[in-house]
Structure formats: C-alpha cells, structure tokens
Amino acid sequence: MLKRKEVAKLVRLERPDVLFLQETKLEKVEGNLCKLLLFSDDFEWVMKESVEAFGGMLCVWNKLEFEKQGEFSGDGFVGISCEWGSQKLKRNIVNIYAPNDRQKKVKLWEELRLKILEEDGRWLIARDFNVVRCVTKRKGKTRESLEMRDFDDFIVSAS
C-alpha cells in the first residue's frame, strides 16, 4: 500500500487529471488531504467510506477537465458522470473494488451492468476486480472458475 507521501510524489511526477485510490481506510476525506496529494485546489472528489478501517475508495478529478454531472455508488464502487474537456464529451468514471465473495461479486457485476446500460457516454474504469477473465492469467490454475465466467458474462453483457 502506498502511503500519502509516496502517492503525492507519484502524482507530482505524473500530474494526472484523474486519481483512483482503494483501501484508503478513511471514513471521510477533506479538501486538505486532496490538496496535499495533488498540490492544487482544482480537484473535486467522491468517496466510498471505509467500514471499521477496512476498505474505502476515493475518486479524484481535475475540475478544469471534468465537469461533474452526477455521482453514483454501490457496494464495491463509486463514480461520477461528467463532461470532459472543451468538447463536453459525456464520460463516466468509476472506481471498483470487488469483494472476494462470489455472491457479492455477482451482485456488484449486476449493479454495474445496469448502471453502464443506463448511462450515456464512455466509461473509464479503475479497478481491483479480484478475479481474472482468462485462466492463463492465474498462477497455478488450469481451469476456468465460476467467478471467471461471471466476470466474463458481465463484460460481454455490459458492452
């Protein structure tokens, strides 16, 4: 896990317009934290709070590049609908941290699939899916799992 100073150093070097953090372990985020990480007041954020110091997600964006139209969240994800750049292109930005439990993942995939089908525009997805789509990506495994099929079904049905 990267610490605040390491994140700030990386952000200073790369200067991203969007930043996704997972496992923040924060119950709330204030502007000072974002300013410390991003060295600017030109950022806004949405978060999914941690529960008893577990989890927590943060989605931060440059408000000069992305104009937030709305925000959404569910178990395992948080994001925004926005207009991007001078052309005001419709975009949806979401940070996903999938649970390890298969049934909870299936619920997450269904919620996201419905959200993707409901919203116009392209999607930028930052993620820890806690599953891979292809068996060759799993070390020591040679057979496809039910979770992999569930995940593949989600990708195909949300496309």
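Residues numbered from 1 in each chain as written. Predicted model: local features only at pLDDT ≥ 70, side-chain atom pairs only at ≥ 80, totals over all residues. Heavy atoms only, no water.

Student: Go over the side chain of Asp150, please, and point to the residues and values.
Tutor: Within the element layout of this structure, Asp150 appears in helix α4 (residues 146–158). Among the residues examined, Asp150 registers a relative accessible area of 16% and is labelled buried. For Asp150, the contacting residues outside a window of four places in its chain are Arg102, Val106 and Trp109. (Helix = DSSP H or I, 4+ residues; strand = E, 2+ residues; numbered from the N terminus. Buried < 20%, exposed > 50% of the residue type's maximum accessible area, 1.4 Å probe, protein only. Contact = heavy atoms within 4.5 Å.)

Student: Report on the sheet that holds strand β7 (residues 122–128), specifying residues and quantitative values.
Tutor: Here we have 4 strands laid out as an open sheet, ordered β4-β5-β6-β7, and mixed in their pairing. Each edge of the open sheet carries a strand with a single partner, namely β4 (66–74) and β7. Going from strand to strand, the sheet's axes swing by 15° on average, the running direction of each strand aside. The sheet contact formed by β4 and strand β5 (residues 77–84) spans 8 bridges and is antiparallel. Residue pairing in the sheet places Lys68 in a bridge with Cys82 of β5. (Pairing = 2+ DSSP bridges. Axes fitted to C-alpha atoms, helices over the stretch in contact; angles between N-to-C directions.)

Student: Outline the side chain of Asn62, supporting the account with residue identities and numerical values.
Tutor: Mapped onto the fold, Asn62 is located in strand β3 (residues 57–62). The residues touching Asn62, leaving out its near neighbours within four places in the chain, are Asp17, Asp42 and Phe43.

Student: Describe in detail helix α1 (residues 4–14), supporting the description with residues and values.
Tutor: Every buried residue belonging to α1 is among Val7, Ala8 and Val11, and all of these are buried. What you see down the axis of α1 is that its buried residues fit within an arc of 100°, all on one side. Opposite its buried face, α1 presents the exposed residues Lys5, Lys9 and Leu13, each directed more than 90 degrees away. Phi turns positive, to about 50°, at Arg15, one or two residues after α1. (Arc of directions from axis to C-beta.)

Student: Would you mind going over the packing of helix α3 (residues 102–118) against α4 in detail, with residue names and values included?
Tutor: Relative orientation of the contacting elements α3 and α4 amounts to 5°, with a least axis distance of 9 Å. Judged on the interaxial angle alone, α4 and α3 are roughly parallel. Facing Arg102, Lys105, Val106, Trp109, Leu112, Arg113, Ile116 and Leu117 of α3, the residues of α4 in contact are Leu146, Glu147, Asp150, Phe151, Phe154, Ser157 and Ala158. Looking at the contact of α3 with α4 residue by residue, the class counts come to 9 nonpolar, 1 polar and 5 charged. (Parallel < 35°, antiparallel > 145°, perpendicular 65-115°, else oblique. Nonpolar A, V, L, I, M, F, W, Y, C, P; charged D, E, K, R; others polar.)

Student: So what's going on with α4? Which residues, and what values?
Tutor: Taking 1.5 Å as the rise per residue, α4 with 13 residues should run 18 Å; its terminal C-alpha atoms sit 18 Å apart, in good agreement. Of the residues making up α4, those classed as buried are Met148, Asp150, Phe151, Phe154 and Ala158. Angular distribution of buried residues about the axis of α4 spans 160°; they occupy a single face of the element. Looking at the buried side of α4, the elements it contacts are α3. (Expected span 1.5 Å × (residues − 1).)

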